[in-house]
Amino acid sequence: AIAVIGFMPTYFVPLVQGQFAAPPIIHIHGIIFFGWTVLFASQTWLVANGSTLTHRTWGMLGIAWATAMVFVVFAAVAVRINILSAAGYRVEALAFSWVQIGGILLFAAIFTLAIVNVKKPEIHKRLMLLGTITLLDAPIARWFLIFLAPPVPAGEIAPPPPPFITIPPALVADLLLVVAIVYDWRTRGRPHPVYLIGGAAVLAYQLSRPIIGASPI
């Protein structure tokens, strides 16, 4: 729901209205990332209904899909940097690129740990949830842009926002992790270490975005 509603005003609605123009890689990026949310929900549904074997079979697709997500982000970022550089926003584009590249590398690391722990379901499922939560600041951020970003004249390219703008949407997405921690607390008596250690690592990455993004290296 967050993924769909988040991208409604800036992607889905303009696309249906024929008002969204972007290179093909941007659409491929959207299809692959939205496909991940569908796959994640489907995999959760399979386990909840006792179809664990089917879940494991489709898990092989999940590995391939997550790999595709990493590559498509690098491709989309490269295209976006070229477009923004041509519009005179190269420095801003390079600074913001860390938000996208760092985010997908963090997701990849969490996903890899989830696969390594595939035979430990209590760890595996929490890592998968944590990794998916890290992706949701992007759709949430779209609503921040709708209400807070200055309007862009027709035909012009908007500069990318400074990386610190991404912190509030990330903190909103982190509320989903808080819900998971509370659920663990009520059902297990304590939060699972995955949420505590992983959540701390995610928060550290989110808060460090402006620093690393502004780095000249």
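Residues numbered from 1 in each chain as written. Predicted model: local features only at pLDDT ≥ 70, side-chain atom pairs only at ≥ 80, totals over all residues. Heavy atoms only, no water.

**Quick look at the overall build of the protein chain**
On a plain count of helices and strands, the protein chain comes out with 8 helices and 0 strands. Mapped from its N terminus to its C terminus, the protein chain presents α and β elements in the order α-α-α-α-α-α-α-α. Against the globule reference of 17 Å for 217 residues, the protein chain gives a C-alpha radius of gyration of 18 Å, in line with a compact fold. Dimensions of the protein chain along its principal axes, counting C-alpha atoms only, are 50 × 35 × 30 Å. Taking all 217 residues of the protein chain together, the buried fraction comes to 36%. Once local pairs closer than 6 in sequence are excluded, the contacts in the protein chain between residues at least 24 apart make up 74%. Taken as a whole, the protein chain presents about 12,600 Å² of accessible surface, with 74% of it coming from carbon and sulfur. On the protein chain, the mean spot of the 12 positive side-chain charges and the mean spot of the 6 negative ones are 13 Å from each other. (Helix = DSSP H or I, 4+ residues; strand = E, 2+ residues; numbered from the N terminus. Rg over C-alpha atoms; globule rule 2.2 N^0.38 Å. Buried < 20%, exposed > 50% of the residue type's maximum accessible area, 1.4 Å probe, protein only. Contact = heavy atoms within 4.5 Å. Areas by Shrake-Rupley, 256 points an atom, 1.4 Å probe, with all protein chains shown as cover. Lys, Arg positive; Asp, Glu negative; His and termini not counted. Charge placed at Lys NZ, Arg CZ, Asp CG, Glu CD.)

**Quick word on a nonpolar patch on the surface**
Together, Ile5, Met8, Val13, Trp143, Ile146, Phe147 and Leu148 make up a nonpolar patch on the protein surface, roughly 690 Å² of accessible area in all. If you tally residues by element for the nonpolar patch, the top one is helix H6 (residues 137-148), at 4 residues. Along the chain, Ile5 falls in helix H1 (residues 2-16). (Patch = residues over 30% accessible without salt bridge, like charges linked within 9 Å, V, L, I, M, F, W, Y side chains within 5 Å. Salt bridge = Lys/Arg side-chain N within 4 Å of Asp/Glu carboxyl O.)

**Digging into the nonpolar core**
Phe33, Trp36, Met69, Ile104 and Phe107 are the most contacted members of the largest nonpolar core, which has 35 residues in total. Among the elements of the structure, helix H2 (24-48), helix H3 (52-86), helix H4 (90-116), helix H5 (121-133), helix H7 (167-188) and helix H8 (193-213) are those that each provide at least two residues to this core. Sort the elements by how many residues they give to this core and H3 lands first, with 9 residues. Not counting residues within four places of it along the chain, the set of residues in contact with Trp36 comprises Gly62, Trp65, Ala66, Met69, Phe107, Phe111, Met128, Thr132 and Leu135. (Core = buried A, V, L, I, M, F, W, Y, C linked by side-chain atoms within 4.5 Å.)

**Some thoughts on the confidence of the model for the protein chain**
When pLDDT drops low, the exact placement of atoms in the prediction is not to be read closely. Scored by pLDDT, the protein chain has a mean of 92; 96% of the residues are at 70 or more. No element of the protein chain has a lower mean pLDDT than H6, which averages 87, and none a higher one than H5, which averages 96. (pLDDT = per-residue confidence, 0-100.)

**Some details on the packing of H7 against H8**
H8 packs onto H7 with a crossing angle of 175 degrees between their chain directions and a minimal axis gap of 11 Å. When the interaxial angle is binned, H7 and H8 end up roughly antiparallel. Where H7 abuts H8, its residues Ile167, Ala170, Leu171, Asp174, Leu177, Ala180, Ile181 and Asp184 lie against Tyr195, Gly199, Val202, Leu203, Gln206, Leu207, Arg209 and Pro210. When its residues are assigned to classes, the contact of H7 with H8 shows 11 nonpolar, 2 polar and 3 charged. (Axes fitted to C-alpha atoms, helices over the stretch in contact; angles between N-to-C directions. Parallel < 35°, antiparallel > 145°, perpendicular 65-115°, else oblique. Nonpolar A, V, L, I, M, F, W, Y, C, P; charged D, E, K, R; others polar.)

**Side note on the pattern of salt bridges**
Following the criterion strictly, the structure yields 4 salt bridges and no others. The partner of Arg126 in a salt bridge is Asp184, and the shortest N-O contact between them spans 2.8 Å. In this pair, Arg126 is assigned in helix H5 and Asp184 in helix H7, connecting sequence segments 58 residues apart. Overall, Asp184 belongs to the buried group, its relative accessible area being 2%. Between Asp137 and Arg209 there is a salt bridge, and its shortest N-O distance comes to 2.7 Å. Taken together, the residues span a long stretch of sequence, with Asp137 in helix H6 and Arg209 in helix H8 at a distance of 72 residues. Each member of the pair, Asp137 as well as Arg209, is classed as buried.

**What to know about H5**
With 13 residues, H5 extends 18 Å from end C-alpha to end C-alpha; this agrees with the ideal 18 Å at 1.5 Å per step. Among the residues of H5, His124, Arg126, Leu127, Met128, Leu130, Gly131, Thr132 and Ile133 are the ones counted as buried. Buried residues belonging to H5 abut H2, H3, H4, H6, H7 and H8. (Expected span 1.5 Å × (residues − 1).)

**Some thoughts on the environment of Leu84**
Inspection of the secondary structure puts Leu84 in helix H3. Relative accessible area serves as the criterion here: at 3%, Leu84 is assigned to the buried category. Measuring from C-alpha to C-alpha, the distance between Leu84 and Leu94 comes to 9.4 Å, with 10 residues separating the pair along the chain. Discounting chain neighbours no more than four positions away, the residues touching Leu84 are Tyr89, Arg90, Ala93, Ile157, Ala158 and Pro160.

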